[in-house]
Amino acid sequence: MSNDNNGTVGRRIPGGLRQFFGSISLMANSPWGNGPKDGDDDGKRGPRNPWVTPDPADGGRGRRPRGPSALDELLRKGRGSFGGGGSGGGGGMNLPESAKLWKWGALLLVAIWAIFSMIHIVPPEKEGVVTRLGSYVRTVGPGVKWTWPAPVEQMRMEDVRAIRTMQVGSPTATAENFVLTRDQSIVDLAYEVRWSVRDPELFIFQLADPEGTIREVAESAMRATVANFDLVQAIGPGRVDIEAQVQNRMQALLDQYRAGVAIQGIAIRQADPPKQVDEAFKEVTAARQERESSINQARAYEQRILERARGDTAQFDQIYEQYRLAPEVTRRRLYYETMESVLSNVDKTIVEARGVTPYLPLPEVRKRADAAQDSAAKGGQ
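Calculation notes
Residues numbered from 1 in each chain as written. Predicted model: local features only at pLDDT ≥ 70, side-chain atom pairs only at ≥ 80, totals over all residues. Heavy atoms only, no water. Helix = DSSP H or I, 4+ residues; strand = E, 2+ residues; numbered from the N terminus. Buried < 20%, exposed > 50% of the residue type's maximum accessible area, 1.4 Å probe, protein only. Contact = heavy atoms within 4.5 Å. Areas by Shrake-Rupley, 256 points an atom, 1.4 Å probe, with all protein chains shown as cover. Salt bridge = Lys/Arg side-chain N within 4 Å of Asp/Glu carboxyl O. Pairing = 2+ DSSP bridges. Axes fitted to C-alpha atoms, helices over the stretch in contact; angles between N-to-C directions. Parallel < 35°, antiparallel > 145°, perpendicular 65-115°, else oblique. Left-handed = near helix turned anticlockwise from the far one by under 90°. Nonpolar A, V, L, I, M, F, W, Y, C, P; charged D, E, K, R; others polar. Core = buried A, V, L, I, M, F, W, Y, C linked by side-chain atoms within 4.5 Å. Patch = residues over 30% accessible without salt bridge, like charges linked within 9 Å, V, L, I, M, F, W, Y side chains within 5 Å. Phe/Tyr/Trp six-rings, centres within 6.5 Å; stacked < 30°, edge-to-face > 60°. pLDDT = per-residue confidence, 0-100. Polar contact = N/O pair within 3.5 Å; in protein donor to acceptor, adjacent residues only side chain to side chain.

## Regarding the overall build of the protein chain
- Counting its secondary structure elements, the protein chain contains 11 helices and nine strands.
- Burial status across the protein chain gives 21% buried among its 381 residues.
- Taking all contacts inside the protein chain whose residues are at least 6 apart in sequence as the whole, residues at least 24 apart take part in 59%.
- When the accessible area of the protein chain is evaluated, it comes to approximately 27900 Å², of which 57% is carbon and sulfur surface.

## Things to note about the pattern of salt bridges
- Summed over the entire model, instances satisfying the criterion amount to 14 salt bridges.
- Of the charged contacts in the structure, one is a salt bridge between Asp230 and Arg182, with a shortest N-O distance of 3.9 Å. Within this pair, whereas Asp230 is found in the loop between α6 (210–226) and α7 (231–235), its partner Arg182 is found in the loop between β7 (178–180) and β8 (186–197), the two being separated by 48 residues in sequence.
- Assessed through its relative accessible area of 48%, Arg182 is described here as partly exposed.

## Remarks on the pairing of strand β9 (residues 261–272)
- Within β9, nine of the 12 residues are buried, which leaves it mostly tucked inside the rest of the structure.
- As judged from the 10 bridges shared by β8 and β9, these two strands associate in the antiparallel manner. The residue of β9 that forms the bridge with Ala190 is Gln270.

## Notes on the packing of α6 against helix α8 (residues 239–257)
- Where α6 meets α8, the axes come as close as 9 Å, and the angle between the chain directions of the two elements is 135 degrees. The angle between α6 and α8 places the two elements in the oblique class. Here α6 and α8 pass one another in a crossing that is right-handed. For the pair α6 and α8, the contacting residues are Thr213, Ile214, Val217, Ala218, Ala221, Met222, Ala224, Thr225 and Val226 in the first and Ile242, Gln245, Val246, Arg249, Met250, Leu253, Leu254 and Tyr257 in the second.
- Here the residues of the contact of α6 with α8 sort into 13 nonpolar, three polar and one charged.

## Description of the nonpolar core
- The biggest cluster of nonpolar side chains holds 35 residues, and the ones touching the most others in it are Leu189, Tyr191, Val193, Trp195, Met222 and Met250.
- Sequence-distant contacts of Tyr191, that is, excluding residues within four places in its chain, are made with Met166, Gln167, Val168, Gly169, Asn177, Ala218, Glu219, Met222, Ile266, Ala267, Ile268 and Arg269.

## Observations regarding the packing of helix α9 (residues 278–325) against helix α10 (residues 327–343)
- Put simply, α9 and α10 touch, their axes get as near as 6 Å, and they point 135 degrees apart. The angle between the axes of α9 and α10 places the two elements in the oblique class. Of the residues in α10, those touching α9 at Ile319, Gln322, Tyr323, Arg324 and Leu325 are Pro327, Thr330, Arg331, Arg333 and Leu334.
- Residues belonging to the contact of α9 with α10 are distributed by class as follows: five nonpolar, two polar and three charged.

## Comments concerning the environment of Ile235
- Relative to the helices and strands, Ile235 is located in helix α7.
- Sequence spacing of Ile235 and Leu189 is 46 residues, and the spatial spacing of their C-alpha atoms is 9.0 Å.
- Sequence-distant contacts of Ile235, that is, excluding residues within four places in its chain, are made with Val187, Ala271, Asp272 and Phe281.

## A word on the side chain of Thr131
- Tracing the backbone shows Thr131 in strand β2 (residues 126–132).
- Judged by its relative accessible area of 14%, Thr131 is buried.
- Thr131 has contacts with Tyr136, Val137, Val152, Glu153, Gln154 and Phe205, leaving out every residue within four places of it along the chain.

## Observations regarding the sheet that holds strand β5 (residues 153–159)
- Spatial ordering of the open sheet is given by β3-β2-β5, a layout of three strands whose pairing is antiparallel. One side of each edge strand has no neighbouring strand; the edge strands of this open sheet are β3 (135–140) and β5. Here the average twist between neighbouring strands, direction ignored, is 25 degrees.
- In terms of strand pairing, β2 meets β5 through seven bridges, oriented antiparallel.

## Thoughts on a nonpolar patch on the surface
- Residues Leu108, Ile112, Ile115, Phe116, Ile119, Ile121, Val144 and Trp146 make up a contiguous nonpolar surface patch of roughly 870 Å² in combined accessible area.
- Mapped onto the nonpolar patch, the elements with two or more residues apiece are α4 (95–118), β1 (119–122) and β4 (143–146).
- Residue contributions to the nonpolar patch peak at four residues, all from α4.
- Along the polypeptide, Ile112 turns up in helix α4.
- Judged by relative accessible area, which is 39%, Ile112 ranks as partly exposed.

## A closer look at the packing of aromatic side chains
- Within this structure, the stated rule accounts for three aromatic pairs.
- On the numbers, 6.1 Å between centres and 65 degrees between planes, the contact of Tyr136 with Phe205 is edge-to-face. Taken together, the residues span a long stretch of sequence, with Tyr136 in strand β3 and Phe205 in helix α5 (residues 200–205) at a distance of 69 residues.
- When its relative accessible area of 41% is taken as the criterion, Phe205 is described as partly exposed.

## Some remarks on the confidence of the model for the protein chain
- Across the protein chain, the average pLDDT comes to 76, with 68% of residues at 70 or higher.
- Low pLDDT, under 50, characterises residues 1–13; the predicted model gives this stretch one contact beyond four residues in sequence or across chains.
- This stretch, residues 85–93, has a pLDDT under 50; its non-local contacts, to residues over four places away or in other chains, come to eight contacts.

## A few points about the side chain of Glu158
- Positionally, Glu158 belongs in strand β5.
- On the basis of relative accessible area, Glu158 is assigned to the buried category, the value being 9%.
- Of note is the side chain of Glu158, whose polar atom sits 3.1 Å from the side chain of Arg164.
- Ignoring anything within four residues of it in the chain, the contact list for Glu158 reads Glu125, Lys126, Glu127, Arg164, Val197, Pro200, Phe203 and Ile204.

Next up, the structure:
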């Protein structure tokens, strides 16, 4: 009977109440429910609502009856950091006014950054390479130049007037820079490469390591050039030709690479044989220099004799022309001139006829006087 009455009562519950009791049961079983009622110590409690501050009096499981939640505290602190009043209507700055100040400050910083990144002053000795999003756009000359603000456009300045130097095989270095000559000899070379930037665009974008490329090209050109000279020429008279040929070879190779570099000159600072044969080579060099000196002296003597012979020939031709015009007078004059040249440095004694005072030997007296003066000068020293 009771079962029938209960079933009858259950069937007589309206649909709205049935839905209300169902939602309550769902909330009790949901992960954000408040758990079982007080006094239920069976330990079967659901997870705590993360947006509700736990009550220490309830073991951290119930809802604290007083005070704001953790979310409310977070919002209140955020409003306070921006100058807003608390929940009690404090006298701080209003949030809209603070937002305006932040906006104007941000705009001022953006304006300053844009101005400094748009204006570029290019010195007279440099040129500026402008890139837009990393891609080359143009090259500008000296003066005040404008670009779009970074990072849209950026400018890199490159000195195109400075002469840069590069040492290859420095004389002070411990490592030797051996180069093979045409006669299968070895020479230790140290030289200097002078270069400048001719095209900034190619110099910046064409080669990954421009200076390293220039060094390798210099070594290659020097070895290819010295291979056409023997050892004597490489360390002596052939240096000027080697420098000129190396410069031309380097410029041709760098133009093929489109390096944007101009080679201004090559200067050989050292050209010596290896240290192991340095002493012997110095002796050979000294002998060669002595041979060259003797050859030069012989050539000078030859030239002097030839010039004297030419002069004597020209003088003889002149005398012959005079002799053809007046043979007797010319013959007598030649006799007198010859005797004068022969007897000018000879002691002479002239004997006159009877009744004439004998000749006074003046040359002998002069010689004795000169000898006495020389001895006196030596004794005084």
